[in-house]
Amino acid sequence: MEEEIKGYTMQEAISEARRCLNCPKPMCRTGCPIENDIPAFNHAVSLGNFGEARSIIAQRSNLPAICGRVCPHENQCEGHCVLSKAGKGIKIGMIERFIADFDTEMNLNREKKIEKIGGKVAVIGSGPAGLTVAGDLARKGYEVVVYEGESEPGGVLLYGIPEFRLPKDVVRNTTKKIADLGVQFVTNTMIGTDITVDELFKNGFDAIFIGTGTALAKSLDIPGGDLRGIIQSNYLLRMVRLYQDGNVDKSEVPIEEGDNVVVIGAGNVAMDACRTAIRMKAKSVTVAYRKTVEFMRAAKAEYDGAISDGVDFKWEHAPIEYVGENGIVTGLKCQSPNGEVILPANKILIAIGSRPAARIVSSTEGIDVDEGGYVVTKQKPYGMTTRRGIFAGGDVVHKPATVVLAMREAKKVAVGISEFLEAKKLLGE
Ligand SMILES: Cc1cc2nc3c(=O)[nH]c(=O)nc-3n(C[C@H](O)[C@H](O)[C@H](O)COP(=O)(O)OP(=O)(O)OC[C@H]3O[C@@H](n4cnc5c(N)ncnc54)[C@H](O)[C@@H]3O)c2cc1C
Ligand code: SF4
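Residues numbered from 1 in each chain as written. Chains lettered and ligands numbered in written order. Predicted model: local features only at pLDDT ≥ 70, side-chain atom pairs only at ≥ 80, totals over all residues. Heavy atoms only, no water.

J.: Can you walk me through the nonpolar core in this structure?
T.: One recurring pattern in soluble globular proteins: nonpolar side chains tend to sit buried together. Ranked by size, the top nonpolar core spans 70 residues in total, and within it F41, V45 and I417 carry the most contacts. For this core, the element with the most residues is helix α16 (residues 403-426), which contributes ten residues. (Core = buried A, V, L, I, M, F, W, Y, C linked by side-chain atoms within 4.5 Å. Buried < 20%, exposed > 50% of the residue type's maximum accessible area, 1.4 Å probe, protein only. Helix = DSSP H or I, 4+ residues; strand = E, 2+ residues; numbered from the N terminus.)

J.: Is there a simple way to explain the packing of aromatic side chains in this structure?
T.: Under the definition given, this model contains nine aromatic pairs. For the ring pair Y289 and W315, a centre distance of 6.1 Å and an interplane angle of 85° mean the geometry is edge-to-face. With Y289 in the loop between β8 (284-288) and α14 (300-309) and W315 in the loop between β9 (312-314) and β10 (318-325), this residue pair connects regions lying 26 residues apart in the sequence. Residue classification places Y289 among the buried positions, given a relative accessible area of 9%. Ring geometry for F313 and W315: centres 5.2 Å apart, planes at 20°, overall stacked. The class for W315 is partly exposed, based on a relative accessible area of 22%. Three or more aromatic residues joined by ring pairs make a cluster, and in this case those are Y289, Y303, F313 and W315. Above the ring of F205, the side-chain terminus of K120 is found at 4.7 Å from the ring centroid. Against the face of Y159 rests R238, its NZ or CZ located 5.1 Å from the ring centre. (Phe/Tyr/Trp six-rings, centres within 6.5 Å; stacked < 30°, edge-to-face > 60°. Lys NZ or Arg CZ within 6 Å of the ring centre and 35° of its normal.)

J.: It is not clear to me how the UniProt feature "domain: FAD/NAD(P)-binding" (unreviewed entry) in the chain should be interpreted in this structure. Could you clarify?
T.: Under the feature "domain: FAD/NAD(P)-binding" (unreviewed entry), the UniProt entry names residues 120-410. Along residues 120-410, the helical share is 28% and the strand share 23%, with 17 Å between the first and last C-alpha atoms. (UniProt positions renumbered as here; feature names shortened; annotations may be inferred.)

J.: Whenever I open this one, the sheet that holds β10 confuses me. Can you help?
T.: Backbone-to-backbone hydrogen bonds join strands into a sheet, with any given pair of strands oriented parallel or antiparallel. Here we have three strands laid out as an open sheet, ordered β10-β11-β12, and antiparallel in their pairing. Among the strands making up the open sheet, the edge pair consists of β10 and β12 (339-344). Averaged over all pairs of adjacent strands, the angle between their axes in this sheet comes to 30°, without regard to strand direction. Here β10 pairs with strand β11 (residues 328-336) via seven bridges, running antiparallel. The residue bridging E321 from the neighbouring strand is K333, located in β11. (Pairing = 2+ DSSP bridges. Axes fitted to C-alpha atoms, helices over the stretch in contact; angles between N-to-C directions.)

J.: Before we go on, may I ask you to explain the domain arrangement of the chain in this structure?
T.: A common measure of how large an interface is: the accessible area buried when the components associate. Structurally, the chain comprises domain 1 (10-106), domain 2 (120-215 + 356-426) and domain 3 (219-350). With centres defined by C-alpha atoms, the gap from domain 1 to domain 2 works out at 27 Å. Taken residue by residue, the interface counts 18 residues in domain 1 and 24 residues in domain 2. In this assembly, domain 1 packs against domain 2 so that about 1700 Å² is buried in total across both faces, 70% of it on carbon and sulfur atoms. (Domains from an automatic or database assignment. Contact = heavy atoms within 4.5 Å. Buried area = accessible area lost by both parts, 1.4 Å probe.)

J.: How should the site of ligand 2 be read in this particular structure?
T.: If you check the shell around ligand 2, you find C20, L21, C23, C28, P39, N42, C81, V82, I90 and I92 and nothing else. Here the residues of the shell around ligand 2 sort into nine nonpolar, one polar and no charged. (Near = heavy atom within 4 Å. Nonpolar A, V, L, I, M, F, W, Y, C, P; charged D, E, K, R; others polar.)

J.: Just to check I follow, could you spell out the side chain of R165 for this structure?
T.: Positionally, R165 belongs in the loop between α9 (156-159) and α10 (168-179). A polar atom in the side chain of R165 sits 2.7 Å from the side chain of D272. Within the local environment of R165, its side chain forms a polar contact with the side chain of E302, the two groups lying 3.2 Å apart. For R165, the residues in contact, after removing those within four places along its chain, are E3, R69, V70, D272, R275 and E302. (Polar contact = N/O pair within 3.5 Å; in protein donor to acceptor, adjacent residues only side chain to side chain.)

J.: Help me out: how do you make sense of the packing of helix α1 (residues 10-18) against helix α3 (residues 38-46) in this one?
T.: Helix-helix packing is described using two parameters, namely the angle between the two axes and the distance between the axes. At their nearest, the axes of α1 and α3 sit 8 Å apart, and the two run at 130° to each other. In this view, α1 runs oblique relative to α3, as classed from their interaxial angle. Relative to α3, the crossing made by α1 is left-handed. Residues A13, I14, A17 and R18 of α1 lie in contact with α3, whose contacting residues are N42, V45 and S46. Its residues assigned to classes, the contact of α1 with α3 comprises four nonpolar, two polar and one charged. (Parallel < 35°, antiparallel > 145°, perpendicular 65-115°, else oblique. Left-handed = near helix turned anticlockwise from the far one by under 90°.)

J.: Which parts of the structure should I look at to understand the pattern of salt bridges?
T.: Side chains that differ in sign of charge can pair as their charged atoms come close. Inspection of every chain in the model, using the stated rule, returns 37 salt bridges. Ionic pairing is found between R19 and E16, a salt bridge with its closest N-O pair at 2.8 Å. In this structure R19 comes out as partly exposed when scored by relative accessible area, which is 32%. Overall, E16 belongs to the buried group, its relative accessible area being 11%. The shortest N-O distance in the salt bridge between K176 and D180 comes to 3.1 Å. The exposure class of K176 is partly exposed, given its relative accessible area of 48%. By relative accessible area, which is 49% here, D180 ends up partly exposed. Within this structure, E4, R165, D272, R275, R279, E302 and D309 form a network of salt bridges that share partners. (Salt bridge = Lys/Arg side-chain N within 4 Å of Asp/Glu carboxyl O.)

J.: Got a minute to help me understand a nonpolar patch on the surface in this structure?
T.: Side chains of L21, M27 and V82 sit close together on the surface and give an oily, nonpolar patch of about 240 Å² of accessible area. Along the polypeptide, M27 turns up in helix α2 (residues 27-31). (Patch = residues over 30% accessible without salt bridge, like charges linked within 9 Å, V, L, I, M, F, W, Y side chains within 5 Å. Areas by Shrake-Rupley, 256 points an atom, 1.4 Å probe, with all protein chains shown as cover.)

J.: Can you help me understand the site of ligand 1 in this one?
T.: Around ligand 1, 33 residues are found, and the nearest of them are V70, E148, R165, D395 and V403. E148 is positioned such that a nitrogen or oxygen atom in its side chain is 2.6 Å from an oxygen atom of ligand 1. Between an oxygen atom of ligand 1 and a side-chain N or O atom of R165, the distance comes to 2.8 Å. The element best represented in the shell around ligand 1 is helix α13 (residues 268-279), accounting for three residues. Taken together, domain 2 (120-215 + 356-426) and domain 3 (219-350) each give at least three residues to the shell around ligand 1, which thus spans both.

Structural data, given as structure tokens:
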């Protein structure tokens, strides 16, 4: 699965950046959750000064190649650009992506040697939240070790978002740049199972950050749930990734050529699942969503992509039963504006959200969670849990959202961790 949207050439990036008006009150920057200095990097690109553009972005973001590709730009920076009112908004995501990819290709990385200032932090999870905390704290001079349960760092960026939207090499190059800041990655290590949080403290860490996301996929409580052919979308995306890496046989991918697939849900995961099913040569793919199109949570670009892939959308179709024969699913019964209907399918993909696993909180004293299992954190120091020295951020705190929102929170938590570590030093702890 090749990357679907091609990046800018150098000339295209310069031409697009030259259209920027360098507004005195740049609305694009207000629209960016991490307040990237967009006019400044546009200006640098317009002059062909890509190294300068890279340094400007690095002040706010550790993941520009990823944000440039998967952020919902139409609601954020690009949607706020003054030129977007006339339908001519600057393609900020494409420029950001160009700068990051050019940096990787030309190895523009000129990080100054970072002096260590004392203080050791364990980061649990290497998704956008963990990578952001790790990068920001390493830049400040703290020693950072990232623990990841999977065999490679990246989180959902690697095992969720498919290759045609976010190539694996882009994620690998990004984690390499963070490792180049001095961050150590320990993979295949599940905290709470392989090592406990208390053992991490005993091993000399001064603070711990939990950025473990929401790994448990939600199910629908309707009759017929035990029929064969009902699959979690996250499982499909993960198996396709493993198949593409040569780690599993194609027969283990749960969608086959000729399948008739119904996808339940209309968020980004649902769009990725239905577009992946098409690429695995499913015969038909239909999305069933209980509300109208206005309530769809998927980014518009993803929805447009699904439409052009040939996905059929059934709005106001609320699932009420999985129907089947001989233990195998044959369709999804829905309540629709026209009464009860059955959408025929031999595979049904569920994409109705996810919630945090309890692996860490159940093996650690003193970390409070709310009724949904989300970790409770404080405002001061920002992101600290109910247990001193343990911080949390990203989806495990704020519910499944977007890459850049996980990053925004993680940036604030990195400041909270730094304040905590400096206070510890002052107290001589
Ligand atoms: C299929 C899919 C498509 C998406 N598409 C988009 C998109 O287009 N744009 C967008 O902005 N957002 C998208 N999102 C949402 C976005 O990816 C998430 O909001 C973001 O990844 C959350 O970051 P995080 O760091 O909090 O958690 P995650 O990315 O989930 O990372 C958590 C990491 O912690 C690790 N971990 C968990 N428990 C442990 C443990 N006990 N010990 C060690 N490691 C552990 C996990 O293996 C994982 O690597 C998508 C999500 C999915 C699932
Ligand atoms: S709002 Fe648009 S035109 Fe103005 S500075 Fe930002 S990108 Fe440039």
